[in-house]
Amino acid sequence: MKPIDRTLAAGLTAATPGTTVRLCGHVHRRRELAAVTFLVLRDRSGSAQVVIKPADGQQTPPEETPVEVVGIATANPQAPGGVEVTSPVVTSLSDPALSPPVELWRPELAAGLPTLLDHAPVTWRHPAVRARWELAAASLRGFRQTLDAAGFTEVHSPKIVESVTESGANVFEIDYFGRPAYLAQSPQFYKQQLVGVFERVYEVGPVFRAEPHDTVRHLAEYVSLDVELGFIRDHRDVLTVLREVVAGMVEGITTYAADAVERLGAELPVMPAEIPVIHFTEALKLVGAPEDEPDLAPEHERALGAWARETYASDFLAVEGYPMRKRPFYTHPQPGDERWSNSFDLIFRGLELVTGGQRLHRLTDYEQAIRARGEEPEAYASYLQAFAHGMPPHGGFALGLERWVARLVQAANIREVTLFPRDLHPPLALTARPESAHPDRNQRRVGAS
Ligand code: AMO
């Protein structure tokens, strides 16, 4: 891409003193002293100090106004980065900005979650808040790079779908030209079908869950990082790929978001050479849960996370063999004991981050599994076509991006790391009169885990 004639704040240190530079950004802070005004300009790379003297005859627009500053790069050991801009011409690039709902120039943002969310377009501008998404973006780069290098093809599947993929209840129904359809709960059926085409696929995209509970780890729309691959022996092969993918995401962060890591004080996980694995039955014993318990509760996951830390010095623990009765119908049973499945969850720092496993791949097994649920295979005709025409043994997983970042930065609530969260509470834009019409807004998003 042809560079634009513009010096970024972070590049100011490299500018030759005495030369003219042109910076563009928002007025981050305006400090008017008796003899001089300091303007801190913030752009995508960082911030720079601009010194305005009365003789310069310049007005300083209010904080957050976007501006162009043309001036002289001047060495000053006291300035951040050792270089500042003097004798500037400051031009507003828009109308004067309204005073922001929170003081963005303070190093720490002193705002509660409701303020943060209700003013998201402005509060995300704070460098420490922005850094959270920088971790997400760098993780995505690492995710893609790892899979591209391993022969995967990136795909995009429809988000308006004809059937429920995960479980019946938590689905958004929509009107599709007079017929019922759903917002996709996952790309599950499509990624499997595409294994028949590409053998190895991945998708990064939104998924929709009409989760009726208001918790700190559930969103109604989140970003799902989906992977599916053919010719596996069983779910352990999938776990091997998962380990490499998560290692690649960590690598992406260290390569592309080192500043964000430092700003947030985020502790990146050290990847174990192999992710420790325990069976579901063993996990229940470890946490003292009854042996007929069908799933792990959040407190069980926290206890298992602590156990993995102590026992293996690992932030990760895979639990395999979840009961078949709790897993979706496409799940492959555990050979030799069909009460259990060849599926797993990956717990990261005490929170379920990933679900994955081996899938059924024979048409007859699907027909049986669908009938066992009291449904008819015809309802899944287009999905089942792939199996009728030959599908290899395959499996995959899905990782929730927001949960990943939430655990990296130890966020108490997943909404803190989500750009524009969708949850039980209607978004501002969909409400008639934002604050007053919704007296519950300030109490929202405080649910239990
Ligand atoms: P599952 O439904 O367990 O599996 O979802 C996979 C991962 O997605 C994240 N996640 C969520 N994140 C935020 N809000 C939610 N409401 C939410 N629900 C799930 C979690 C979870 O581990 N098709 C399977 C995956 C597969 O087998 O490939 C599936 O969607 O991090």
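See the structure above.
Residues numbered from 1 in each chain as written. Predicted model: local features only at pLDDT ≥ 70, side-chain atom pairs only at ≥ 80, totals over all residues. Heavy atoms only, no water.

Chemist: Explain the environment of Leu 424 residue by residue, including any values.
Modeler: Positionally, Leu 424 belongs in the loop between helix H11 (401-408) and helix H12 (434-437). Sequence spacing of Leu 424 and Tyr 222 is 202 residues, and the spatial spacing of their C-alpha atoms is 13 Å. With near-sequence residues (within four places) excluded, Leu 424 lies in contact with Glu 211, Pro 212, His 213 and Asp 214. (Helix = DSSP H or I, 4+ residues; strand = E, 2+ residues; numbered from the N terminus. Contact = heavy atoms within 4.5 Å.)

Chemist: Give me the site of the ligand: which residues, what numbers.
Modeler: Surrounding the ligand, one finds 23 residues, the nearest of these being Gln 188, Glu 352, Leu 353, Thr 355 and Arg 359. Within the backbone of Leu 219, an N or O atom sits 2.9 Å from a nitrogen atom of the ligand. At 2.5 Å from an oxygen atom of the ligand is found a side-chain nitrogen or oxygen belonging to Glu 352. With the chains in place, 94% of the 630 Å² that the ligand exposes on its own is no longer accessible. (Near = heavy atom within 4 Å. Polar contact = N/O pair within 3.5 Å; in protein donor to acceptor, adjacent residues only side chain to side chain. Areas by Shrake-Rupley, 256 points an atom, 1.4 Å probe, with all protein chains shown as cover.)

Chemist: An account of a nonpolar patch on the surface is needed here, citing residue identities and associated values.
Modeler: On the surface, Ile 160, Tyr 176 and Phe 177 cluster together to form a nonpolar patch covering roughly 370 Å² of accessible area. Note that Ile 160 resides in strand E7 (residues 160-161). By relative accessible area, which is 43% here, Ile 160 ends up partly exposed. (Patch = residues over 30% accessible without salt bridge, like charges linked within 9 Å, V, L, I, M, F, W, Y side chains within 5 Å. Salt bridge = Lys/Arg side-chain N within 4 Å of Asp/Glu carboxyl O. Buried < 20%, exposed > 50% of the residue type's maximum accessible area, 1.4 Å probe, protein only.)

Chemist: How would you summarise the packing of helix H3 (residues 127-149) against H11 if you had to cite specific residues and measurements?
Modeler: Relative placement of two packed helices is described by the angle separating their axes and the distance separating the axes. Two elements in contact, H3 and H11, have axes separated by 10 Å at closest approach and are oriented at 125°. The pairing of H3 with H11 is recorded here as oblique in orientation. Read as a crossing pair, H3 and H11 show a hand that is right-handed. Note on element contacts: H11 touches H3 through Leu 401, Trp 404, Val 405 and Leu 408, opposite Arg 132, Trp 133, Leu 135, Ala 136, Ser 139 and Leu 140. Its residues assigned to classes, the contact of H3 with H11 comprises 8 nonpolar, 1 polar and 1 charged. (Axes fitted to C-alpha atoms, helices over the stretch in contact; angles between N-to-C directions. Parallel < 35°, antiparallel > 145°, perpendicular 65-115°, else oblique. Left-handed = near helix turned anticlockwise from the far one by under 90°. Nonpolar A, V, L, I, M, F, W, Y, C, P; charged D, E, K, R; others polar.)

Chemist: Explain unusual backbone geometry residue by residue, including any values.
Modeler: Most of the time, phi is negative for any residue but glycine, and the peptide bond is trans. The backbone phi angle of Ala 313 is positive, close to 50°, even though this residue is not glycine. Its relative accessible area of 57% is what places Ala 313 among the exposed residues.

Chemist: How would you explain the nonpolar core if you had to name every residue and give the values?
Modeler: Of all hydrophobic cores here, the largest spans 48 residues; its most connected members are Leu 135, Phe 143, Leu 225, Ile 253, Phe 397 and Trp 404. Tallying contributions element by element places helix H5 (residues 235-256) first for this core, with 10 residues. Filtering out sequence-adjacent residues up to four positions away, Phe 143 remains in contact with Tyr 202, Val 204, Leu 225, Asp 226, Val 227, Val 245 and Met 249. Of all hydrophobic cores here, the second largest spans 17 residues; its members include Ala 15, Val 27, Val 67 and Val 83. (Core = buried A, V, L, I, M, F, W, Y, C linked by side-chain atoms within 4.5 Å.)

Chemist: Can you explain helix H4 (residues 188-198)? Please cite residues and give values.
Modeler: Where H4 is concerned, the buried positions are Gln 188, Phe 189, Lys 191, Gln 192 and Val 195. Against strand E10 (200-208), strand E11 (221-230), helix H9 (363-372), helix H10 (381-388) and strand E16 (394-400) lie the buried residues of H4.

Chemist: Outline the sheet that holds E7, listing residues and values.
Modeler: Taken together, the 3 strands give an open sheet; going across it, the order is E7-E9-E8, and neighbouring strands pair in antiparallel fashion. Looking along the sheet, the strands with just one partner apiece sit at the ends: E7 and strand E8 (173-176). In the sheet, E7 pairs with strand E9 (residues 179-183) via 2 bridges, with the strands oriented antiparallel. When the bridges of E9 are listed, Ile 160 appears paired with Leu 183. (Pairing = 2+ DSSP bridges.)

Chemist: Give me the lowdown on the pattern of salt bridges, citing residues and values where you can.
Modeler: This structure, assessed with the given rule, holds 22 salt bridges. The shortest N-O distance in the salt bridge between Glu 320 and Arg 236 comes to 2.9 Å. Here Arg 236 lies in helix H5 and Glu 320 lies in strand E13 (residues 316-320), a separation of 84 residues in the sequence. For Glu 320, a relative accessible area of 12% puts it in the buried group. A salt bridge links Arg 371 to Glu 376, with the shortest nitrogen-to-oxygen separation between them at 3.7 Å. We classify Glu 376 as partly exposed; its relative accessible area is 45%. Sharing partners across several salt bridges, the network here consists of Lys 191, Asp 226, Glu 228 and Arg 359.

Chemist: Explain the sheet that holds strand E14 (residues 343-348) residue by residue, including any values.
Modeler: The 8 strands are arranged E6-E10-E11-E16-E15-E14-E13-E12 in an open sheet whose pairing can be described as mixed. Both outer strands of the open sheet, strand E6 (153-154) and strand E12 (277-279), are each paired with one neighbouring strand and no more. By the bridge criterion, 6 bridges tie E14 to strand E15 (residues 351-358) in an arrangement that is antiparallel. Within E15, the position partnered with Ile 347 by the bridge is Glu 352. Sheet strands touched by helix H7 (residues 280-287): E12 and E13. Its angle to E12, the strand with the most contacts, is close to 85°.

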